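Coordinate analysis (summary)
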Amino acid sequence: MRYELGFGDSPQTIEVEDSRVTDILLPNHVEAAASGEEVVEKALDAPIGSRKLEELAEGRHRVVIITSDITRPMPSRQVIPGVLRRLYQAGVKREEITIVFALGSHRCHREEEKIKLVGEEIYREIRCLDSGESEFVHMGETSRGTPVDIMREVVEADLRICLGNIEFHYFAGFSGGAKAIMPGVSTFEAIQANHRFMVRKEAAAGRLEGNPVREDIEEAAGICRGDFLVNVILDEHKRIVKAVAGDMVKAHREGCRFLEKMYRRPIKERADIVVVSQGGAPKDLNLYQTQKALDNAKYAVKDGGIIILAGSCREGMGQPVFESWMREAKTPRDLVERIQKDFRLGGHKAAAIALILERAEIYLVSEMDPELVTDIFMKPYSTVQQALDDALAKQGPDAKVILMPYGGSTLPMPEQQETER
């Protein structure tokens, strides 16, 4: 059989004997509406736990719309127009609105990337800023000691609207919700303080209650209050199939419940080989982002197995601390021990990869320099087919394969774990 996997802007295909493939982890089918804009409008018409946006916006004169950066598949240009219409309806003027791209710890955008995110018309009419283009204001600390240091434009706004898309997140449980505030428009030091809780077992994909990372995020967003949320869930073709709006927590939880039904996939048993893709651009821009698909794939691979990770990574490693930690380590165990002694943002992803390497090999199909890939404990390939052929040869004639074409979104759940849940 032939299968297609996202890879940058040019998908790759593979052939594999059908008898070897035990699972193809695709999302449960949801019929997409005629347009994403219609889905968003319905959510805005029926906010969860909140008054309508146009009611909240009355009398407000410093409005901030926080949305995702270029590394996320969030379709801002489909969501923002509906938000703007309701702001205008409430009497808010264009010059009173600022769109903030929530960078977190990511790089700033080029101008053409900002235009791509919101569209030419909105970019020319509304002030658009990267969160990294501002100074930050200290607003206090969470009960766990995380500083709440927020971009000044967000702090000084009298209405904060948070946008985003919801996916599984490997230590915050889910993306979306209050993550627009923390880490979205927070300082590097604040993000690092929050992310240090990722080493706890409760900080896991698909978990919200008792997750120290998520709880700390939402406490920070309580100090710098998010007034209104608009989050979307995308299908495998990046089309909006569900939107939620309203209260920062209540609306987010409703979106998470929908996502679970769509993307949590039980499997009967783990496989010898897992072939996983982040789904193509923009989610596989660098290894720092592509790692998310790898972390979901760990739930599907047997100990001693092979994960074939497909991601263009055309911008390389994607984060300087991540790169330096990966390059400096002599063994994967070095990274695990280092993060336990000295938590550093960027190093946390290196340690997450190292934990997987202690259980399975990683064959990386990318545009990265093969020598660098080898240096960071992975086997380099330019095509998924060659990586799969080599993996099958190594794992033997009875090797079984699981395919994860949308690995960043799909969370495998072995039946034993599903029972324990």
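Let me begin by describing the structure that accompanies this report. (Residues numbered from 1 in each chain as written. Predicted model: local features only at pLDDT ≥ 70, side-chain atom pairs only at ≥ 80, totals over all residues. Heavy atoms only, no water.)

**Observations regarding unusual backbone geometry**
A cis amide bond links M182 with the next residue in sequence, P183, at an omega value of 15°. Relative to the helices and strands, P183 resides in the loop between β11 (173-174) and α7 (188-195). Going from A281 to P282, the amide bond is cis rather than trans, its omega being 0°. Despite not being glycine, K238 has its phi angle at roughly 65°, a positive value. Looking at the element boundaries, K238 is found in the loop between β12 (228-234) and β13 (240-246). Judged by relative accessible area, K238 falls into the partly exposed class, the value being 30%. The phi dihedral of F377 is positive, around 75°, even though this residue is not glycine. (Helix = DSSP H or I, 4+ residues; strand = E, 2+ residues; numbered from the N terminus. Buried < 20%, exposed > 50% of the residue type's maximum accessible area, 1.4 Å probe, protein only.)

**So, the pattern of salt bridges**
If you walk through the whole model with that rule in mind, you get 33 salt bridges. Here R127 makes a salt bridge to E153, at a shortest N to O gap of 3.6 Å. Of this pair, R127 sits in strand β6 (residues 127-130) while E153 sits in helix α6 (residues 152-155), and the two are 26 residues apart along the sequence. Overall, R127 belongs to the partly exposed group, its relative accessible area being 44%. Take E153: its relative accessible area is 22%, and that puts it in the partly exposed class. Notably, a salt bridge pairs R239 with D235, separated by 2.8 Å at the nearest N-O pair. Residues joined in a network through salt bridges with shared partners are E41, D45, E54, R85 and R86. (Salt bridge = Lys/Arg side-chain N within 4 Å of Asp/Glu carboxyl O.)

**Quick look at the nonpolar core**
With 91 residues, the main nonpolar core has I66, V154, L287, M326, M368 and M378 as its most contacted residues. Excluding residues within four positions of it along the chain, M368 makes contact with L287, S312, C313, G316, M317, V373 and I376. By size, the runner-up hydrophobic cluster in this structure holds 38 residues, among which are L56, I70, F101 and F228. (Core = buried A, V, L, I, M, F, W, Y, C linked by side-chain atoms within 4.5 Å. Contact = heavy atoms within 4.5 Å.)

**Here's the deal with the sheet that holds β6**
Taking strand neighbours across the sheet as the criterion, the 6 strands line up as β6-β5-β4-β9-β12-β13 in an open arrangement whose pairing is mixed. This sheet does not close on itself; its edge strands, each paired only once, are β6 and β13. For this sheet, the mean angle separating the axes of adjacent strands, direction not counted, is 20°. Pairing analysis gives 6 bridges linking β12 to β13, with the strands arranged antiparallel. Residue pairing in the sheet places V230 in a bridge with A245 of β13. In the packing of helix α1 (residues 36-45) onto the sheet, contacts are made with β12 and β13, and the angle to β13 comes to roughly 25°. (Pairing = 2+ DSSP bridges. Axes fitted to C-alpha atoms, helices over the stretch in contact; angles between N-to-C directions.)

**Digging into the packing of α1 against helix α3 (residues 76-89)**
The contact between α1 and α3 brings their axes to 9 Å, and the two run at 40°. Between α1 and α3, the crossing angle belongs to the class labelled oblique. Pair α1 / α3 crosses with right-handed handedness. Contacts between α1 and α3 involve G36, E37, V40, E41, L44 and D45 on the former and, on the latter, Q78, V79, G82, V83, R85 and R86. Here the contact of α1 with α3 is composed, by residue class, of 4 nonpolar, 3 polar and 5 charged. (Parallel < 35°, antiparallel > 145°, perpendicular 65-115°, else oblique. Left-handed = near helix turned anticlockwise from the far one by under 90°. Nonpolar A, V, L, I, M, F, W, Y, C, P; charged D, E, K, R; others polar.)

**Here's the deal with the pairing of strand β20 (residues 411-414)**
What you see with β20 is no split at all: L411 and M413 on one side and P412 and P414 on the other are buried throughout. Two strands pair when backbone bridges link them, and strand β14 (residues 264-267) and β20 are joined in this way by 4 bridges, in the parallel orientation. In the sheet register, I267 faces β20, and the bridge partner there is P414.

**What about empty space enclosed by the protein?**
One simple way to see leftover space: roll a probe sized like a water molecule over the atoms. Enumeration over the complete set of coordinates arrives at 3 cavities of 30 Å³ or more. Roughly 520 Å³ of volume is contained in the largest cavity. Lining of the largest cavity is provided by 38 residues; of these, R72, H106, K179, P183 and K292 occupy positions nearest its centre. Here the residues of the lining of the largest cavity sort into 12 nonpolar, 19 polar and 7 charged. Lining the second largest cavity are 16 residues, with E167, D235, Y263, K283 and S409 sitting closest to its centre. Only β12 and α9 (250-263) provide two or more residues apiece to the lining of the second largest cavity. (1 Å grid on protein atoms, 1.4 Å probe; cavity = no way out; pocket = protein on both sides within 12 Å on 5 of 7 lines; lining within 4 Å. Points joined across faces, edges and corners; volume = space filled by probe spheres on them.)

The values reported here are purely geometric and, on their own, carry no functional implication.
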